[in-house]
Amino acid sequence: MTALADHAMTWMNSMQTASRQARVDLLFDYLKSHGQSSYDPSVSQLEHALQTAHLAQQESQLPHLVVASLLHDIGHLMLDEHDERGDFLHQDWAHEAVAARALSEFFPSNVVTPVQRHVSAKRLLCSLDAAYYEGLSEASKRSFAVQGGPLSQFEAERLQALEGMPDAMALRRWDDRAKVHGVEVPELETYANVVLNQLL
C-alpha cells in the first residue's frame with residue numbers, strides 16, 4: 001500500500017492523544033488545510049465532501065451516514081492523491097481502505113463501513129445497472145476501470161450480502177452527485193456536533 005503523506009502521520013498522531021472535542025477541531029482543520037486540491041474539474045476535495053454530506057443530511061438524516069459522507073474521501077488527502085495530477089485515474093491507491101483504517105480508531109463501524117465499501121459499491125452498482133454506469137462522469141468511469149471494473153455474478157451476490165452494503169450504496173449515489181460547481185451548501189462547522197456525537 002502507498003505510504004501516507006507526512007502530514008497524515010502528524011495528524012493521526014495528534015488525534016491519538018486529543019480529547020473528543022479537540023479531535024473534531026483537528027479533523028476539520030485537516031479537511032480545510034488539505035481539502036483545497038481539485039477533486040475533479042468542477043469541485044475541490046472539500047467541496048465534494050460538503051456536497052456529499054449535505055445530500056446525506058437531506059435524504060437520509062441518519063447521523064452516521066452524514067459523517068461517513070463527509071469523511072468518505074479523506075484517504076485521498078492522506079495519500080496526497082489529487083485528481084488534478086490524475087493519480088487515481090492510473091493506479092488504485094485504495095484510498096477507501098486508508099480512510100477506513102484511520103477512521104476506525106475514532107468512529108464506530110456504522111460510520112467506517114460505508115467509507116470502506118463505497119468503491120466496491122460503485123463496482124456493484126455498475127455491474128447491476130448499465131444506466132448507472134452510463135451516468136458516471138468520465139473520470140469516474142476511468143477510475144472504475146482502474147479499481148477492478150465489472151463484478152462477476154458471484155462477486156456481486158457476495159457483496160450484496162455483506163453487512164452495511166445498503167449504506168455504502170447510498171453513500172455511493174450521493175458521492176456521484178456531489179460534483180456541482182458553485183452550489184451553496186452548509187459550511188464544515190455545521191457538522192461539528194454530529195461528528196462529535198459519532199466519535200467513540
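Coordinates for the structure precede this section.
Throughout this document, residue positions are counted from 1 along each chain, in the order its sequence is written. Two thresholds apply to this predicted model, a pLDDT of at least 70 for residue-level local features and 80 or more for giving and counting side-chain atom pairs, whereas whole-chain, interface and lining totals are computed over all residues. Hydrogen atoms and water are omitted, and side-chain values are computed over all heavy atoms in the structure.

(A) Local environment of unusual backbone geometry. With a phi angle near 55°, Q61 is a residue other than glycine that sits in the positive phi range. Helix and strand assignments follow DSSP, with helices taken as H or I runs no shorter than four residues and strands as E runs no shorter than two, numbered in order from the N terminus. Secondary-structure assignment places Q61 in the loop between α3 (45–59) and α4 (63–71). Only protein chains enter the accessibility calculation, which uses a 1.4 Å probe. A residue is then buried if its area is under 20% of the maximum for its type, exposed if over 50%, and partly exposed in between. Its relative accessible area of 57% is what places Q61 among the exposed residues.

(B) Just the packing of aromatic side chains, in detail. Pairing of aromatic rings covers Phe, Tyr and Trp, the last through its six-membered ring, and needs centres within 6.5 Å; plane angles under 30 degrees mean stacked, over 60 mean edge-to-face, and all others mean tilted. By the definition in use, this model includes two aromatic pairs. Measuring from centroid to centroid gives 4.6 Å for W11 and Y30, while their planes differ by 15°, and the two rings are stacked. Here the residue W11 occupies a position in helix α1 (residues 6–17), and Y30 occupies one in helix α2 (residues 20–34), the gap between them amounting to 19 residues. Considering the side-chain rings of Y133 and F144, the 5.6 Å spacing of their centres and the 55° angle between planes classify their relative orientation as tilted. Remark: F144 occurs in helix α9 (residues 138–146) and Y133 occurs in helix α8 (residues 130–134); sequence separation between them is eleven residues. Counted as over-ring charges are cases with an Arg CZ or a Lys NZ within 6 Å of the ring centre that also lie within 35 degrees of the ring normal. Stacked on the ring of Y133, the Lys or Arg K141 has its end atom at 5.2 Å from the ring centre.

(C) Up close: the pattern of salt bridges. Any carboxyl oxygen of Asp or Glu within 4 Å of a side-chain nitrogen of Lys or Arg constitutes a salt bridge here. Scanning all chains against the criterion turns up six salt bridges. Residue E59 is joined to R177 by a salt bridge in which the shortest nitrogen-to-oxygen separation is 2.8 Å. Note that E59 is positioned in helix α3 and R177 in helix α11 (residues 165–177), a separation of 118 residues in sequence. The partly exposed category is assigned to E59, whose relative accessible area is 45%. Under the relative-accessibility criterion, R177 is labelled partly exposed at 43%.

(D) Inspection of the packing of helix α7 (residues 109–128) against helix α10 (residues 153–160) at higher detail. Where α7 contacts α10, the axes come no closer than 10 Å and their chain directions differ by 125°. Classified by the angle between their axes, α7 and α10 sit oblique to one another. Two packed elements cross with a definite hand, and for α7 against α10 that hand is left-handed. Residues S120, L124 and L128 of α7 form the contact with α10, whose own contacting residues are A156, L159 and Q160. Between the N-to-C directions of two axes lies an angle of 0 to 180 degrees, each axis being a line fitted to C-alpha atoms and, for a helix, fitted only over the stretch in contact. Convention used here: angles under 35 degrees read as roughly parallel, angles over 145 as roughly antiparallel, angles from 65 to 115 as roughly perpendicular, and any remaining angle as oblique. Should the near helix be turned anticlockwise from the far one by less than a right angle, the crossing is termed left-handed; should it be turned clockwise, right-handed. It only takes one pair of heavy atoms within 4.5 Å for two residues to be counted as in contact.

Treat this as a map of the structure, not an account of what it does.
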